[in-house]
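Analysis of the macromolecular model
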Amino acid sequence: MERAEQTEHPLEKAKGGRLVVLGSGESGIGAALLATRKGYQVFVSDSGQLKENYRNELLAAGIAFEEKGHSAEKILGAAVIVKSPGIPEKNELVRQVRAAGIPVISEIELAYHFKGKSRVIGITGSNGKTTTTALIGHICSKAELDHAVVGNIGYSFARQVAEDPKELYVVEISSFQLDDIVAFRPDVAVLLNITEDHLDRYDYKFENYVNSKFRIISNQREGDFFIYCDDDEVIKKKLELLTTHTNPLPFSMKHEVKKGAFLRGDQVMLRIQEERVSMSIYDFALKGKHNCYNTMAACVAATTVGIRKEKIREAVKDFQSLEHRMEFVATVRGVEFINDSKATNVNSTWFALESMQKPVVLILGGTDKGNDYTLIAELVKEKVKAVICMGVDNKKIVAAFKDLVPVIRETRSAAEAVHTAFQAAAKGDVVLLSPACSSFDLFKNYEDRGKQFKAAVKEL
């Protein structure tokens, strides 16, 4: 990608000055702690209420903050602003900040600026980010690298840099975090896939979302690596229009690639520089086509940081899947329950259904983000015997599937959804929570939704 001319970084201009953090989630608190340690006058502002543990951290560090509202005069007096990825551009305060010309950066930009000589593997994509990030971290653990897995997956990147710096950071990155980067440049960038998601944040223009994802390579140089899915038509079309400054390492299940990873029969072949590795897909702990892609991406990333093939083989065999991502919960009277609460878009649900081998009772619903349910219509018709809606407004889901499945039921809680699904299931079936929607109508977040689902299953 064409790189912008280098000007003085906003953080250098603001040195010793007032840095405002908008939002007090994990990324905001991490940013506040790091900026304070680096000599900035930090002020944290949140329109909601701070979690008690975060409030206590700010008090202990002597960091000024406000909650349940923003003081415009304090915020508009900032030299630089670190904005939470959850705050949209259409927010009135953000519009005022933009109009005032105050530089806005993301927490990953702040962390990157102070990471020193440490290397960064950055992972983005519409689906599979968390799984791939965790698997890369697991491979790094096997190889005993001095590393940390950060970003959307747990600790914020900034907190890790502030409290326990590492030689390598494996960072899960959302499009919202990429929107406000300046110099952020991963040594290894991984782009798994691009499907329609979060369009409400991108003026309902898919191209805007695609451009956001591609910002992960906007600052890369010739010594860096770009790992991407060569079977993803959106990525391929975009690459045809770009001039890139990086080493491309594609992965594919459809054709051979000169460098990267590909499938030959049931063997994944890795070709990175002089290294040649083959691994059987039957040895992978993660099952399903989508997880084969995730595993290929993780293996290629591991080779770029010098991890030996024996360690990679060992790690992909014994990796444990993550909570809320195709997580086995229990088998009750012959009915299997799977928690895929992290499936917050239709494409994630497509991947979940694609990997199912048994008849499915599917729990769907939540806050719709402009979902197109025709994407999963064929799989629903083929594999799903009942759809259980779990949401405040289920009209769109009912309309989409009423002619495709014999049973559709509406519920308003995790407990009700689990009981209704269990009644609709028979021995040998799977009850799959894969909602295809955000969780905010009935739950705090997808973790809360998944935990309530698991608790309800255990009550059966």
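Observations regarding the overall build of the protein chain
Broken down by element type, the protein chain carries 18 helices and 20 strands. For 460 residues, the compact-globule estimate of 2.2 N^0.38 gives 23 Å, and the protein chain sits close to it at 22 Å. Along the first, second and third principal axes, the C-alpha set of the protein chain runs to 65 × 55 × 40 Å. Counting over 460 residues, the protein chain shows a buried share of 57%. For the protein chain, long-range pairs separated by at least 24 residues make up 66% of all intrachain contacts whose partners lie at least 6 apart in sequence. In the protein chain, which carries 62 positive and 62 negative side-chain charges, the distance between the mean positions of the two groups comes to 2 Å.

A closer look at the pairing of strand β16 (residues 335-339)
With five of its five residues buried, β16 lies for the most part within the structure. Across the two faces of β16 the burial is the same, with V335, F337 and N339 and E336 and I338 all buried. Here strand β15 (residues 327-332) pairs with β16 via five bridges, running antiparallel. What sits directly across from T331, in β16, is E336. Connecting the antiparallel pair β15 and β16 is a turn made up of two residues, with R333 showing a positive phi of about 50 degrees. With four bridges connecting them, β16 and strand β20 (residues 430-433) associate as parallel partners. Across the sheet, residue N339 finds its bridge partner in β20, namely L433.

Re the sheet that holds strand β2 (residues 41-45)
The five strands are arranged β3-β2-β1-β4-β5 in an open sheet whose pairing can be described as parallel. At either margin of the open sheet sits one strand with a lone partner, and together these are β3 (64-66) and β5 (104-105). Note that strand β1 (residues 18-22) and β2 share five bridges and pair parallel. Following the sheet pairing, V21 is matched in β2 by V44.

A few points about the packing of aromatic side chains
All chains considered together, the criterion is met by 11 aromatic pairs. Seen in terms of ring centroids, F206 and Y209 are 6.3 Å apart; in terms of plane orientation they differ by 35 degrees. Their pairing is tilted. Of this pair, F206 and Y209 both sit in helix α10 (residues 206-214), separated by three residues, roughly a single helical turn. Accessibility expressed as a relative area gives 24% for F206, which makes it partly exposed. A residue is classified by how much of its surface remains accessible, and Y209, at 1% relative accessible area, is buried. Ring plane angle 80 degrees and centroid distance 5.4 Å describe the contact between W350 and F351, whose orientation is recorded as edge-to-face.

Observations concerning the sheet that holds β20
Pairing is mixed across the open sheet formed by six strands, whose spatial order is β15-β16-β20-β17-β18-β19. Bordering the open sheet on either side are β15 and β19 (407-411), each of which pairs with just one other strand. The sheet shows a mean angle of 20 degrees between the axes of neighbouring strands, direction not considered. Its contacts with the sheet place helix α17 (residues 414-424) against β15, β16, β17 (360-364), β18 (384-390), β19 and β20, and it is angled at close to 165 degrees to β18. Helix-sheet contacts for helix α18 (residues 446-459) involve β15, β16, β17, β18 and β20, and the interaxial angle to β15 is about 20 degrees.

Regarding the pattern of salt bridges
As enumerated under the stated definition, the model contains 24 salt bridges in all. The salt bridge involving D224 is made with R185; its shortest N-O contact spans 2.8 Å. In this pair, D224 is assigned in the loop between α10 and β10 (225-229) and R185 in the loop between α9 (175-178) and β9 (188-191), connecting sequence segments 39 residues apart. Exposure remark for D224: the relative accessible area of 5% places this residue in the buried category. Relative accessible area serves as the criterion here: at 15%, R185 is assigned to the buried category.

A closer look at the nonpolar core
By size, the foremost hydrophobic cluster in this structure holds 53 residues, and its most contacted members are L19, V42, L110, F157 and F214. Of the residues forming this core, the biggest block, six residues, is contributed by helix α2 (residues 26-37). Core analysis: the next-biggest nonpolar cluster, separate from the first, contains 41 residues, C229, F251, M279 and L286 among them.

Quick word on the side chain of S156
Within the fold, S156 resides in the loop between β7 (147-151) and α8 (157-163). Here S156 falls in the buried class, since its relative accessible area comes to 1%. In this structure S156 touches E26, S27, G30, E107, V150 and G151, once residues within four positions along its chain are discounted.

The rules behind the values
- Residues numbered from 1 in each chain as written.
- Predicted model: local features only at pLDDT ≥ 70, side-chain atom pairs only at ≥ 80, totals over all residues.
- Heavy atoms only, no water.
- Helix = DSSP H or I, 4+ residues; strand = E, 2+ residues; numbered from the N terminus.
- Rg over C-alpha atoms; globule rule 2.2 N^0.38 Å.
- Buried < 20%, exposed > 50% of the residue type's maximum accessible area, 1.4 Å probe, protein only.
- Contact = heavy atoms within 4.5 Å.
- Lys, Arg positive; Asp, Glu negative; His and termini not counted.
- Charge placed at Lys NZ, Arg CZ, Asp CG, Glu CD.
- Pairing = 2+ DSSP bridges.
- Phe/Tyr/Trp six-rings, centres within 6.5 Å; stacked < 30°, edge-to-face > 60°.
- Axes fitted to C-alpha atoms, helices over the stretch in contact; angles between N-to-C directions.
- Salt bridge = Lys/Arg side-chain N within 4 Å of Asp/Glu carboxyl O.
- Core = buried A, V, L, I, M, F, W, Y, C linked by side-chain atoms within 4.5 Å.

In short, shape yes, function no, at least from these values alone.
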